[in-house]
Amino acid sequence: MSYVRSAIRHPDAEKNALGYTRKEYEGAISSLCAGCGHDSISSAIITVCFEMDLEPHRIVKLSGIGCSSKTPAYFLGKSHGFNSVHGRMPSVATGANMANRDLIYIGVSGDGDTASIGIGQFAHVVRRNLNMVYIVMNNGCYGLTKGQDSATADKGSKTKKGSPVVLESIDLCEMAIQGGAGFVARGFSGDKKQMIMMLKAAISHTGLAFVDIVSPCVSFNNVPSSTKSYTWVREHMEASHTFDFIPYCQEISTDYTNGKTTPITLHDGSTIKICKVKNGTDITRRSSAIAELEKAKEQQHILTGVLYLDPDSKDTHEVLGTSAIPLNSMTEKELCPGNELLAKVNDSFR
Amino acid sequence: MSYVRSAIRHPDAEKNALGYTRKEYEGAISSLCAGCGHDSISSAIITVCFEMDLEPHRIVKLSGIGCSSKTPAYFLGKSHGFNSVHGRMPSVATGANMANRDLIYIGVSGDGDTASIGIGQFAHVVRRNLNMVYIVMNNGCYGLTKGQDSATADKGSKTKKGSPVVLESIDLCEMAIQGGAGFVARGFSGDKKQMIMMLKAAISHTGLAFVDIVSPCVSFNNVPSSTKSYTWVREHMEASHTFDFIPYCQEISTDYTNGKTTPITLHDGSTIKICKVKNGTDITRRSSAIAELEKAKEQQHILTGVLYLDPDSKDTHEVLGTSAIPLNSMTEKELCPGNELLAKVNDSFR
Amino acid sequence: MKIRRVNDFVIRFANVNGSGSASANDLLAKTIFRLGVPINPYNIFPSNIQGLPTWFEVRISEKGYLGRRGGVDFIVAVNGQTLRQDYDMVQPGGYFLYDSTRKLPDEYRREDITVIDIPLTRLCNEEFSDPRLQQLLKNIIYIGAVSALLDIPLDTVSQAILKQFKKKPKLAKPNIQALKIGFDYACAHHSNSCGLSIRSSTAVGDRILMDGNTAAGLGALYAGATVVGWYPITPSTSVIETFERFANLYRVDKESGKKNFTVIQAEDELAAIGIAIGAGWSGARAFTATSGPGLSLMTEFLGLAYFAEIPIVLVNVQRCGPSTGMPTRTQQADILASAYSSHGDTRNVLLFPRDPHECFQMTADAFDLADRLQTPVIVMSDLDLGMNNHLCEALHWDDKRKYDRGKVMSAEDLEALTEPWGRYLDVDGDGICYRTYPGTHPDKGAYVTRGTSHNEYAAYTEENQAYERGMKRLMGKWNTARCLVPRPEITIRKKGSKIAALYFGTTTDAAREALDQLESSSIFINEMRIRAYPFQKEVFDFINQHDIVFVIEQNRDSQMKILLSGGCRVSPGRLIAVTHFNGLPITAIIIRNQIHTALLNRKLKQQ
Amino acid sequence: MKIRRVNDFVIRFANVNGSGSASANDLLAKTIFRLGVPINPYNIFPSNIQGLPTWFEVRISEKGYLGRRGGVDFIVAVNGQTLRQDYDMVQPGGYFLYDSTRKLPDEYRREDITVIDIPLTRLCNEEFSDPRLQQLLKNIIYIGAVSALLDIPLDTVSQAILKQFKKKPKLAKPNIQALKIGFDYACAHHSNSCGLSIRSSTAVGDRILMDGNTAAGLGALYAGATVVGWYPITPSTSVIETFERFANLYRVDKESGKKNFTVIQAEDELAAIGIAIGAGWSGARAFTATSGPGLSLMTEFLGLAYFAEIPIVLVNVQRCGPSTGMPTRTQQADILASAYSSHGDTRNVLLFPRDPHECFQMTADAFDLADRLQTPVIVMSDLDLGMNNHLCEALHWDDKRKYDRGKVMSAEDLEALTEPWGRYLDVDGDGICYRTYPGTHPDKGAYVTRGTSHNEYAAYTEENQAYERGMKRLMGKWNTARCLVPRPEITIRKKGSKIAALYFGTTTDAAREALDQLESSSIFINEMRIRAYPFQKEVFDFINQHDIVFVIEQNRDSQMKILLSGGCRVSPGRLIAVTHFNGLPITAIIIRNQIHTALLNRKLKQQ
Ligand SMILES: Cc1ncc(C[n+]2csc(CCOP(=O)(O)OP(=O)(O)O)c2C)c(N)n1
Ligand SMILES: Cc1ncc(C[n+]2csc(CCOP(=O)(O)OP(=O)(O)O)c2C)c(N)n1
Ligand code: SF4
Ligand code: SF4
Ligand SMILES: [Mg+2]
Ligand SMILES: [Mg+2]
């Protein structure tokens with residue numbers, strides 16, 4: 001892990017480059033169940049934003065509905081947030097981002113929120129390659145409505161109620177790669193180190209960065225027979241490769257320049273170094289990334305890490321040719337063509 | 001091509017095993033544009049049902065909204081039909097099928113209907129593996145609303161209006177394979193032979209048989225620069241393999257029993273023979289089928305044929321353990337537990 | 001002055017959710033109920049899973065008033081987060097029981113209430129060592145204490161525990177032990193300190209204690225529903241869960257093990273109702289259940305079902321809106337959204353059950369109505385009714401009852417026809433036409449169903465007269481519906497009284513109680529309970545027989561009043577809104593006060 | 001007896017769609033308009049792309065009546081599929097022009113009309129050989145003939161052709177040639193056979209001929225809309241397409257070539273409005289446009305925007321419902337669905353434009369209103385208004401006009417605050433609170449927006465008082481809206497008359513004409529045009545000043561009447577429904593007849 005830790009070491013008062021302590025990235029007290037994976041992810045988000053020296057008010061956090069979608073209230077208290085309706089975070093995020101391209105957008109969703117009711121919005125925000133980090137806190141169930149299976153629950157996997165899931169599961173990472181996301185990763189709420197690294201890379205990436213994080217629901221889906229339980233994930237997790245995230249500001253140290261790693265430069269100048277790639281997988285090639293996922297599935301493994309990365313991906317604004325100036329800052333001057341032109345328009349309707 | 005042609009050869013009066021002529025499988029006169037690919041698909045459906053000796057009234061045809069979704073009025077006039085709302089055919093089909101599992105369900109949709117507004121219902125009916133044939137008449141545009149790009153329009157492809165498509169396209173076949181469909185094929189409205197064969201196999205299959213048929217829109221998207229035009233498709237079409245469909249009733253002739261073909265037996269006893277498979281693709285393995293599609297995409301080819309087939313696929317009824325007797329035929333006798341049991345229920349609430 | 005009352009008070013438990021208190025509290029409620037005393041238990045719970053404040057309130061009323069009363073006589077305060085709030089809310093003369101393992105802070109100084117200290121945690125930890133059990137059994141200890149204080153025999157509660165743990169007898173033992181600890185402690189330290197007591201009674205009679213969602217689920221089961229499409233949402237989820245649970249008991253074929261029903265958890269509410277529509281079209285009895293946001297998402301499909309004339313039943317368990325609102329609070333605020341759901345000239349039939357018994361009855365009847373009318377029928381329940389237990393008449397099913405499948409053509413019917421059949425041809429003037437199920441006949445009766453305009457023979461048409469004929473016929477059908485839906489229930493408290501009140505659904509109990517109270521101060525208010533939309537003539541007759549009619553409902557905008565006014569048959573000023581919409585059930589006091597004030601103002605004006 | 005009239009008749013063209021007739025017919029209409037004669041063109045087209053019957057009707061009215069009149073004086077029948085129907089619909093004394101290349105069948109035997117035979121196909125094929133051109137030019141030939149018959153100078157039409165083909169001058173030549181062929185043929189064979197004629201006039205004045213969707217798109221452009229989310233649907237599609245077309249002309253930065261706007265074609269209507277909401281929340285002016293089914297799909301999100309208080313503009317171009325209904329026919333039938341959209345106590349502000357000029361104005365104003373009120377504002381256009389050209393006042397923009405962005409806090413505002421800021425804190429009693437855009441200030445003004453209940457400081461709460469306060473404030477805001485929306489337009493035809501009529505939107509022209517006609521038979525009916533919901537006091541004052549008020553609208557259920565009655569301020573029997581809902585625009589005759597009958601019945605009753 002290579003994210004920068006500040007030199008000062010008073011855990012409480014530790015300040016980042018902006019002079020903020022970690023506290024200033026926290027939110028309200030969580031009302032989730034004790035031990036819920038989602039809280040670990042919130043905590044990782046806090047750490048990431050703190051360590052990346054992001055100005056909290058330049059971040060926008062958005063969500064749908066569910067336990068997972070409540071978390072934006074529990075991190076980044078100084079950021080604007082939008083807890084929208086079930087499954088519709090992507091469209092709201094699209095609108096917000098179109099209005100102001102200068103902010104950082106972090107969307108949080110659940111597997112019910114994204115893979116069921118929201119799968120259409122998910123597929124299409126991915127297709128638009130909206131510049132945002134899209135996190136799914138994936139517990140294979142509907143936590144907030146008390147534990148029904150979700151569409152990411154793996155076929156055959158047994159939930160608390162005991163009956164095995166009968167339908168095919170939806171692999172959101174595979175869908176994201178196929179659909180046009182420029183960055184796709186999978187993590188586990190129990191592996192904070194990896195989460196932090198991939199979230200940093202996701203934020204540095206321009207375009208849609210999809211991060212699926214397996215996040216056990218301790219109340220309804222944490223029995224060992226569930227493929228979304230702590231035990232199961234720990235036993236079946238397989239990293240596609242190890243990787244390092246090197247922020248732009250940091251000087252690249254020599255141990256990263258050896259031949260065994262592939263450096264990929266992200267939009268903000270940061271670098272991601274992929275090491276120990278398995279059997280020649282090229283994570284910058286969709287077909288190869290998808291094949292890896294399919295293979296892992298056949299072997300009942302959960303592949304984690306950065307699964308796909310298109311360093312040249314173009315986000316919605318670039319593709320549509322929107323002004324570099326945020327649209328929400330424009331006034332009559334830029335926007336109103338004026339009466340003289342209107343008179344001309346009138347003439348063309350005579 | 002191996003579908004059975006009846007021995008009698010009066011084209012007009014030709015009768016199938018049920019004594020029906022082809023006419024009796026036709027519908028109202030089409031109101032689509034002259035030359036529209038959709039009409040060829042309708043015609044193929046008529047031929048298939050006629051040649052397979054299906055009783056028209058045992059078929060249910062369903063659709064969403066669009067030019068494509070109008071076609072059920074233009075074929076199988078003796079079948080019940082349901083022209084539902086935009087993008088929601090799959091749920092209506094699910095309900096109808098759950099109510100009466102004994103009928104044959106043919107759903108027709110458009111690329112707008114399925115890949116945009118209906119992508120959620122599509123993904124989930126696939127996941128349910130509903131026993132139906134799901135046909136998308138894919139023209140890369142919204143025909144009925146006058147030619148806007150749809151989500152299957154290929155990136156870079158130029159429509160009539162002249163500006164190239166800027167977003168990633170959605171590959172419905174790939175999604176279907178990933179999502180759990182037991183049968184996935186792609187055809188072209190200009191290749192009637194192949195269409196007929198794959199539709200026959202689709203009907204013989206139990207579970208969701210997804211058939212994506214490229215079907216040029218002559219009014220709005222038939223310029224040569226469009227990847228959904230007659231010209232382009234003809235030039236870039238590549239069959240994944242040749243194949244034959246052998247109905248159950250037909251005796252297997254010797255030329256199919258040589259070693260070069262792989263026979264796959266479908267649920268109704270029919271056989272599909274895959275010949276000339278390219279570089280070892282195994283169409284019964286998802287990862288391999290997906291890889292083939294991804295490869296063709298990289299090479300700008302349109303892969304046609306039966307792309308994936310799971311001969312053991314289990315449909316919704318099987319998975320849920322529903323009665324073999326259609327639910328809509330049950331009466332008070334099977335359904336009402338009676339007052340005596342209710343008195344017991346009352347007691348448990350005292 | 002201590003409050004001293006027998007079988008007539010309100011007790012409330014303040015807990016943390018997810019701590020196992022619910023079943024303990026329920027145990028006490030059940031015990032009182034089994035002693036024959038009418039109760040109305042009410043659960044106030046947060047929209048999360050664990051760790052937030054939750055309250056359980058039981059109104060005990062020998063007289064049988066089953067609405068929420070308002071005010072608390074006895075509070076069991078075992079949630080530190082809300083201790084002060086709970087302390088403050090006790091009525092003067094009431095009782096405050098708390099866990100005295102931790103001393104009550106000094107500033108808790110009310111002189112007008114009786115504080116009952118029981119060291120719950122200490123007693124529990126002294127006796128039990130398993131930490132998981134500790135949490136659960138602490139709840140049982142206070143149940144024991146409360147039983148003692150309310151003079152409930154220990155044995156009666158023990159019986160309830162044994163019944164509850166019938167299938168896990170090992171667990172019964174520590175529970176009974178805990179119960180006794182609490183009971184004994186209270187007897188030893190607080191005997192005679194409580195003026196409230198329970199005495200066994202015959203007031204409950206044959207009635208049962210059930211929640212409305214269970215009843216609705218059973219209603220659908222008995223009515224022969226076979227296809228369910230749904231999507232989880234509070235507070236409607238348990239309608240489907242109950243249906244499925246009982247269907248798994250009573251609807252599985254003994255021999256084959258196959259199910260004579262199917263429940264599809266859909267990807268969203270659009271698909272859920274789409275599934276019901278597909279199945280209803282195909283001749284199965286089909287339904288879905290939803291709440292708030294789900295209802296909004298079903299809008300487009302409801303319009304399709306109205307226009308294409310497809311029978312479906314929708315159980316709408318209303319919650320507190322708008323938008324996501326307060327998902328665990330109650331309201332009757334989807335009336336307009338349900339009645340007028342969908343663009344264009346769409347209207348839907350609504351039924352308004354008042355208690356679980358009617359949830360059962362009306363849900364079952366809704367299937368007959370939907371089939372008969374070939375249109376969606378919406379059962380308008382709410383969170384209060386759906387998720388809380390209510391005392392109600394035992395459920396009954398007439399075994400001679402036949403499902404009314406409405407106008408359906410069999411193959412023989414089709415054969416026998418002399419005129420061509422038309423799916424949308426009104427042959428007998430009631431606005432309802434004959435339909436066929438897919439697959440009925442080889443060459444008769446097939447048609448394409450569509451949401452686009454169609455003529456009498458179901459052919460697509462853009463001809464304006466054909467469209468207009470169809471729309472007028474639908475209006476005719478609406479008038480037929482008016483005759484078929486349940487009539488209002490009218491009670492004349494005093495003949496010739498010019499004042500009346502109308503109410504519906506869960507407002508009923510509180511309204512009746514309020515009107516009783518007013519009657520006892522010689523204000524006689526006639527009353528009408530509306531049970532369905534469209535409204536019958538007698539609804540307007542009743543209104544017009546009175547000078548003023550209070551419309552009592554649980555929403556901000558007086559939606560029922562708006563719906564009634566839409567008919568344009570009521571004079572201005574005649575309908576007076578009595579509303580309550582803060583998410584908690586309306587109480588008799590609220591109603592009485594609003595009516596009082598209105599009557600007073602009116603008198604002042606008339607003077 | 002031939003109909004003989006100058007500048008006052010109805011001509012109709014019967015064609016096949018997709019055959020190029022639309023632009024030919026339009027050419028003639030434009031020509032008449034440019035001669036200064038008021039016209040009302042109306043297009044009746046099928047919901048498909050090619051090959052089905054379509055009609056184009058032009059009402060010509062020197063007096064300036066711009067509603068549909070009903071009845072056809074002159075028909076140009078070039079569609080074999082509908083020949084008989086077209087033949088039958090000509091008014092006695094009228095004219096029937098047909099393509100006599102194929103002889104008129106024998107059974108066409110009306111004596112009361114003048115048949116004008118022109119061998120269009122023959123003339124065309126003799127002159128032109130390119131089959132693609134043949135189809136198009138045949139249309140121009142009949143335009144030539146009609147011009148001659150109506151005494152329109154050849155030169156005027158030629159000018160129009162030249163203007164139309166300004167960018168493709170090569171195409172102008174054959175068109176002018178075709179025009180002349182038709183013109184000459186008619187002169188040679190049918191001179192003096194037609195009693196209808198066009199004479200140049202000054203009646204049009206400064207007015208323009210524009211469709212409502214273009215005007216609405218321009219309104220949004222001028223009002224500074226920057227973010228659009230949409231999904232194609234007839235008849236609203238062209239609102240967005242116009243916006244985008246003009247934005248590409250006027251909103252692209254000259255230097256960078258970058259766009260000062262963005263139009264996102266979403267995956268469906270839920271996403272379309274979600275995008276608008278996200279952008280509105282973030283401080284951009286955002287809108288969407290839809291029709292029928294799209295409106296239904298936006299229901300859930302409209303409730304969110306109402307409750308979370310987010311400004312957005314929705315242009316609802318109504319079409320014929322319910323469900324998919326008749327997508328290419330008109331109605332005003334989404335009034336209830338729009339006003340009451342979404343579950344719970346939700347209400348939305350509506351504006352009712354009557355013509356393209358008002359589409360422009362009201363769409364622009366809608367953005368100010370939405371920002372001021374922080375709520376969705378719905379512009380209620382319809383297919384008739386949106387997709388047909390209408391004569392209307394030229395558009396005007398006051399260059400001094402500033403966008404009213406409503407109550408928004410800048411970083412400086414936040415700095416200057418002495419009290420803590422609350423997103424939902426009403427500091428000045430109008431029910432509207434100050435909002436902030438994301439990213440405004442490093443540590444002030446951030447909050448989480450949500451559809452769940454919230455307190456004044458935007459914190460999630462399930463506290464019932466906080467919820468209730470919020471809902472009451474929203475009601476207060478609704479009353480503020482009442483003061484801000486456009487007032488009704490009242491015309492008193494006779495002081496003291498006890499009869500009145502009210503109407504709105506596209507019903508206006510026909511209603512006024514009908515009332516003029518009635519006035520000419522000494523029936524004086526005062527009138528009010530409603531322009532917005534919520535209704536102001538003067539709406540009810542006007543109603544209550546009259547004994548009866550006809551409510552004229554284009555839907556089955558009298559939705560505006562229902563909406564007016566919902567306020568419970570109108571006596572029964574006072575509002576009388578005048579409705580028309582077959583998908584074609586209402587006409588003066590229909591209105592006059594219904595009013596006549598109603599007045600007659602009333603007289604009978606009173607006698
Ligand atoms: C339209 C709508 N339907 C249903 C619900 C009820 N609901 C709330 S959360 C939820 C599921 C959440 O599951 P998931 O997204 O996986 O989140 P988790 O609670 O598991 O983190 C549902 C169905 C809703 N709020 N809105
Ligand atoms: C809810 C809804 N939104 C929009 C429309 C308008 N609409 C009708 S057809 C269509 C697109 C159809 O495209 P596709 O499915 O590709 O069919 P095609 O006409 O190309 O065959 C749209 C957007 C509608 N009918 N309903
Ligand atoms: S129910 Fe599950 S997902 Fe929700 S907070 Fe509890 S543990 Fe987390
Ligand atoms: S518009 Fe296109 S898709 Fe529609 S009927 Fe015409 S050719 Fe076919
Ligand atoms: Mg989940
Ligand atoms: Mg299409």
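Whatever comes next refers back to the structure up there.
The numbering scheme is per chain: residues are counted from 1 as the chain's sequence reads. Just so you know, chain letters begin at A and ligand numbers begin at 1, following the order they were written in. The predicted nature of this model means local features are confined to residues of pLDDT at least 70 and side-chain atom pairs, given and counted, to a pLDDT of 80 or more, with totals for whole chains, interfaces and linings taken over all residues. As a convention, hydrogens and water are excluded, and side-chain values are obtained from all of the structure's heavy atoms.

Trainee: Sorry if this is basic, but what is going on with the relation of the copies chain C and chain D here?
Mentor: Mapping between the two chain copies consists of a rotation about an axis together with a translation along that axis. Only residues with pLDDT of at least 70 in both copies count here: their C-alpha atoms drive the least-squares fit that superposes the copies. The operation relating chain C to chain D is a screw motion whose rotation component is 180°, with 0.0 Å of axial translation and a residual RMSD of 0.1 Å. Such a turn and shift between the copies fits a two-fold axis. The rotation axis passes nearest to the C-alpha of Ser571 of chain C in chain C, at a distance of 2.3 Å. A contact between two residues is defined here by any heavy atoms of the two lying within 4.5 Å. In this assembly, 100% of the residues forming the interface of chain C have copies in chain D that are likewise at the interface, indicating an isologous arrangement.

Trainee: What's the story with the sheet that holds strand 2 (residues 8-16) of chain C in this structure? I'm lost.
Mentor: In a beta sheet, neighbouring strands are held together by backbone hydrogen bonds and run either parallel or antiparallel to one another. Residue and element names in this part refer to chain C. Strand pairing is assigned whenever DSSP identifies at least 2 bridges connecting the two strands. Where helices and strands are cited, they refer to DSSP runs of H or I of at least four residues and of E of at least two residues respectively, numbered from the N terminus. Taken in spatial order, the six strands of this open sheet run 3-4-2-5-6-7, and their pairing is mixed. One side of each edge strand has no neighbouring strand; the edge strands of this open sheet are strand 3 (39-44) and strand 7 (114-118). For this sheet, the mean angle separating the axes of adjacent strands, direction not counted, is 15°. Pairing of strand 5 (residues 72-77) with strand 6 (residues 90-99) involves five bridges; the strand directions are parallel. Bridging from a neighbouring strand, Ala77 pairs with Tyr98 of strand 6. Each axis is a line fitted through C-alpha atoms, and for a helix only the stretch in contact is used; angles between axes span 0 to 180 degrees, taken between their N-to-C directions.

Trainee: Hey, could you run me through the coordination of the magnesium ion (ligand 5) in this one?
Mentor: Where a metal carries four tetrahedral donors, each ideal angle is 109.5 degrees; where it carries six octahedral donors, the ideal angles are 90 or 180 degrees. Residues and elements named next belong to chain A. Each metal site lists N, O and S donors within 2.8 Å (3.2 Å for Na, K and Ca). With water left out of the atoms, a site can look as if it is missing ligands. Distances from the magnesium ion (ligand 5) to its protein donors, Asp111 (OD), Asn139 (OD1) and Cys141 (O), fall within 2.0 to 2.1 Å. Along the chain, the residues donating to the magnesium ion (ligand 5) fall in the pattern D-x27-N-x1-C. Remark: Asn139 occurs in the loop between strand 4 (132-138) and strand 5 (141-142) and Asp111 occurs in helix 4 (residues 111-115); sequence separation between them is 28 residues. Take Asp111 and Asn139: they sit in the same class, and that class is buried. Each residue gets one of three labels from its accessible area relative to the maximum for its type: buried under 20%, exposed over 50%, partly exposed in between, using a 1.4 Å probe on protein chains only.

Trainee: When you look at the packing of helix 7 (residues 212-222) of chain C against helix 13 (residues 356-373) of chain C in this model, what are you seeing that I'm missing?
Mentor: Pairs of packed helices are described in terms of their axes, by the angle between the two and the distance that separates them. Residues and elements named next belong to chain C. Where helix 7 contacts helix 13, the two axes come as close as 7 Å, and the packing angle between them is 30°. The orientation of helix 7 relative to helix 13 falls into the category roughly parallel. In this structure, helix 7 crosses over helix 13, and the sense of that crossing is right-handed. Contacts between helix 7 and helix 13 pair Gly212, Ala215, Ala216, Leu218, Gly219, Ala220 and Tyr222 from the former with Pro356, Cys359, Phe360, Thr363, Ala364 and Phe367 from the latter. Should an angle lie under 35 degrees it is considered roughly parallel, over 145 roughly antiparallel, and from 65 to 115 roughly perpendicular; all remaining angles are considered oblique. Crossing handedness follows the turn of the near helix against the far one: under a right angle anticlockwise gives a left-handed crossing, and clockwise gives a right-handed one.

Trainee: What am I meant to see in the site of ligand 2 here?
Mentor: What surrounds ligand 2 is a group of 24 residues, the closest being Ser68, Asp111, Gly112 and Asp113 of chain B together with Glu269 of chain D. The site occupied by ligand 2 is bordered by residues of chains B, C and D. For this analysis, a polar contact is any N or O atom pair within 3.5 Å, provided that within protein one partner can donate a hydrogen and the other can accept it, and provided that sequence-adjacent residues contribute only side-chain to side-chain pairs. Contact between ligand 2 and Asp111 of chain B: an oxygen atom at 2.7 Å from a side-chain N or O atom of the residue. Note that an oxygen atom of ligand 2 is positioned 2.8 Å from one of the backbone N or O atoms of Asp113 of chain B. In the complex, the protein chains occlude 98% of the 590 Å² of accessible area that ligand 2 would expose alone. Secondary structure elements with two or more residues in the shell around ligand 2: helix 2 (67-70), helix 4 (111-115) and strand 5 (141-142) of chain B together with helix 10 (292-297) of chain D. To be near a molecule or strand, a residue needs just one of its heavy atoms within 4 Å of it. Here, Shrake-Rupley sampling with a 1.4 Å probe gives the accessible areas, and only protein chains in the shown set may cover a residue.

Trainee: Help me understand the site of ligand 4 in this model?
Mentor: Close to ligand 4 lie Leu32, Cys33, Cys36, His38, Cys67, Asn139, Gly143, Cys217, Val218, Ser219 and Phe220 of chain B together with Ile49 of chain D, which account for all nearby residues. Nearby residues place ligand 4 at the junction of chains B and D. Three classes are used: nonpolar for Ala, Val, Leu, Ile, Met, Phe, Trp, Tyr, Cys and Pro, charged for Asp, Glu, Lys and Arg, and polar for all others, with Gly counted as polar. A per-class count over the shell around ligand 4 returns eight nonpolar, four polar and no charged.

Trainee: Which parts of the structure should I look at to understand the coordination of the magnesium ion (ligand 6)?
Mentor: Only Asp111 of chain B (OD), Asn139 of chain B (OD1) and Cys141 of chain B (O) from the protein reach the magnesium ion (ligand 6) as donors, at distances of 2.0 to 2.1 Å. Donor residues for the magnesium ion (ligand 6), ordered by position in the chain, follow D-x27-N-x1-C.

Trainee: Just to check I follow, could you spell out a positive patch on the surface for this structure?
Mentor: Residues qualify for a patch when their relative accessible area is over 30% and they have no salt bridge, like charges being joined within 9 Å and the nonpolar side chains of Val, Leu, Ile, Met, Phe, Trp and Tyr within 5 Å. Put simply, a salt bridge is a Lys or Arg side-chain nitrogen that is within 4 Å of an Asp or Glu carboxyl oxygen. His is not counted, nor are the chain ends; Lys and Arg add positive charge and Asp and Glu add negative charge. Taken as the charge location is NZ of Lys, CZ of Arg, CG of Asp or CD of Glu. A surface patch of positive charge is lined by Arg34, Lys163, Lys166 and Lys167 of chain C. Structurally, Lys166 of chain C is set in the loop between helix 5 (154-164) and helix 6 (169-190).

Trainee: Honestly, helix 5 (residues 119-128) of chain A in this entry has me stumped. Any pointers?
Mentor: Residues spaced three or four apart along an α-helix face the same direction, because each turn holds 3.6 residues. All names here are of chain A. By the criterion of burial, helix 5 is predominantly enclosed, with ten of the ten residues buried. Looking at helix 5, one finds that the buried residues are Ile119, Gly120, Gln121, Phe122, Ala123, His124, Val125, Val126, Arg127 and Arg128. Just past helix 5, the residue Asn129 takes up positive phi, approximately 55°.

Trainee: Please clarify how the pattern of salt bridges should be interpreted in this entry.
Mentor: For side chains bearing opposite charge, pairing can occur when the charged atoms are close. Under the criterion given, the structure shown has 109 salt bridges over all chains. Put simply, Arg69 of chain D and Asp73 of chain D hold a salt bridge, and the shortest N to O gap is 3.0 Å. For the residue pair Arg69 of chain D and Asp73 of chain D, the accessibility class agrees, reading buried in each case. When salt bridges that share partners are traced, they join Glu358, Glu489, Arg493, Arg512, Asp516, Glu519, Glu527, Arg529 and Arg531 of chain C into one network.

Trainee: What is the right way to read the interface of chain C and chain D from this model?
Mentor: Accessible area lost on assembly of the parts is the figure often given for the size of an interface. On the side of chain D, 67 residues touch chain C, which itself brings 67 residues to the contact. Each of two parts loses accessible area, computed with a 1.4 Å probe, when they are put together; buried area is these two losses added. For the pair chain C and chain D, the summed buried surface comes to about 5600 Å²; carbon and sulfur atoms form 58% of the total. Scanning the region where chain C abuts chain D turns up four salt bridges. Between Asp557 of chain D and Arg347 of chain C there is a salt bridge; the shortest N-O distance is 3.2 Å. The set of elements that each furnish at least two residues to the side of chain C that touches chain D consists of helix 10 (292-297), helix 11 (299-308), helix 12 (335-339), helix 16 (464-484) and helix 19 (559-566) of chain C. Its residues assigned to classes, the side of chain C that touches chain D comprises 28 nonpolar, 27 polar and twelve charged.

Trainee: Which parts of the structure should I look at to understand the sheet that holds strand 20 (residues 526-529) of chain C?
Mentor: All names here are of chain C. Reading across the sheet, the five strands line up as 18-20-19-22-23 and stay open at both edges, with mixed pairing between neighbours. With one partner strand each, in any of the chains shown, strand 18 (489-491) and strand 23 (575-579) form the two edges of the open sheet. The mean inter-strand angle of the sheet, taken between neighbouring strand axes irrespective of direction, is 20°. By the bridge criterion, four bridges tie strand 19 (residues 499-503) to strand 22 (residues 548-553) in an arrangement that is parallel. The residue of strand 22 that forms the bridge with Leu502 is Val551.

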